[in-house]
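Architecture and fold: a report
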Amino acid sequence: MTTVALTIAGSDPSGGAGIQADLKAFSALGAYGMSVITALTAQSTQGVDSVLAIDPTFVAEQFNTLYHDIKIDSVKVGMLMNKEIVTTVYHLLNNNPITNIVLDTVMIAKGGHSLLKPEAVSAIRELLLPLATVITPNLPEAATLLDCEEAKNEDQMQQQGHELLKLGCKAVLMKGGHLPSQESPDYLMTPMQTIRIVSPRIQTKNTHGTGCTLSAAIAALLPKHRLEDAIHKAKDYLQGAITHADDLKIGHGIGPTHHFYRWW
């Protein structure tokens, strides 16, 4: 049976992040990918120049057109831009239940450009977190959601993960890539258990779209795997994509990961 994964996110015309990265990750992991575009960006490996939000009514129209025709096995939610789009996506997912929802709380691009209006943070916290099967915040995003200082060590990471669970999501994958350590530790946290997942830190500047790629990989795998297994497999895939990122030689800034490193 074909797995159908939907990404609800912004467009990255450079192909390294956003819906373009999501669709590549879906395909690489054997899922049929579809997309609902929430925002258009003018960006490259050197940063985001401008962002244009899609009208929320048209966001809903894209989703409804797909939902009424095609069975959706999982959804990855990425860049939502503003409160109106967050609210629209909430109503779509709440009124049209889908079993596997991966929420990537996209807030800031690699180059520092804001991808989420401040007033949208509370809407994500209150509306979308309770719908999520798993959320995948990095340390700055977790701190923003909790309105607290960014975690400086693994103990603080775990504390913040537990606080995020209290907001209603079923699981949290706290990503520790921002910690100044030789390894990159993540924590998968549910009300029942905490699992430390550690990866070697790869020396490369080409990490554009890593968060998008990881969350999309989880969404591609969740329909056929337990959450823990899906995350382990998604992490392994991302590790390979980063390891081979330098092979691509794309652009003059922060280049993309290599989504299809297993084939070329």
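Everything discussed here concerns the structure shown above.
What counts as what
Residues numbered from 1 in each chain as written. Predicted model: local features only at pLDDT ≥ 70, side-chain atom pairs only at ≥ 80, totals over all residues. Heavy atoms only, no water. Phe/Tyr/Trp six-rings, centres within 6.5 Å; stacked < 30°, edge-to-face > 60°. Core = buried A, V, L, I, M, F, W, Y, C linked by side-chain atoms within 4.5 Å. Buried < 20%, exposed > 50% of the residue type's maximum accessible area, 1.4 Å probe, protein only. Contact = heavy atoms within 4.5 Å. Axes fitted to C-alpha atoms, helices over the stretch in contact; angles between N-to-C directions. Helix = DSSP H or I, 4+ residues; strand = E, 2+ residues; numbered from the N terminus. Parallel < 35°, antiparallel > 145°, perpendicular 65-115°, else oblique. Left-handed = near helix turned anticlockwise from the far one by under 90°. Nonpolar A, V, L, I, M, F, W, Y, C, P; charged D, E, K, R; others polar. 1 Å grid on protein atoms, 1.4 Å probe; cavity = no way out; pocket = protein on both sides within 12 Å on 5 of 7 lines; lining within 4 Å. Points joined across faces, edges and corners; volume = space filled by probe spheres on them. Disulfide = S-S within 2.5 Å.

Let's talk about the packing of aromatic side chains
Evaluation of the coordinates by the stated rule reveals three aromatic pairs. Ring centres of phenylalanine 260 and tryptophan 263 lie 6.2 Å apart, and the angle between their planes is 65°; this geometry places the pair in the edge-to-face category.

Quick look at the nonpolar core
Grouped together as the largest cluster of nonpolar side chains are 51 residues, with contacts concentrated most on Leu6, Ile8, Val89, Leu93, Leu128 and Met174. Ignoring anything within four residues of it in the chain, the contact list for leucine 128 reads Leu80, Val86, Val89, Tyr90, Leu103 and Ala123. With 30 residues, the next largest nonpolar core counts Ala25, Phe26, Val102 and Ala234 among its residues.

Observations concerning the packing of helix H5 (residues 139-146) against helix H6 (residues 154-165)
Where H5 meets H6, the axes come as close as 10 Å, and the angle between the chain directions of the two elements is 50°. What the angle tells us is that H5 and H6 run oblique. Both H5 and H6 take part in a crossing whose hand is left-handed. Here Leu139, Ala142, Ala143, Leu145 and Leu146 of H5 come into contact with H6, specifically with Met157, Gln160, Glu163 and Leu164. Residue composition of the contact of H5 with H6, grouped by class: seven nonpolar, one polar and one charged.

Re empty space enclosed by the protein
One pass over the structure, following the stated rule, counts one cavity of 30 Å³ or more. By volume, the largest cavity is sized at about 30 Å³. Around the largest cavity, the lining residues are Val77, Leu93, Ile101, Leu103, Leu128 and Leu131. A per-class count over the lining of the largest cavity returns six nonpolar, no polar and no charged.

Brief notes about the state of the cysteines
This structure, assessed with the given rule, holds zero disulfides. No disulfide involves cysteine 148; its sulfur sits 14 Å from that of cysteine 169, the nearest cysteine. For cysteine 148, a relative accessible area of 36% puts it in the partly exposed group.

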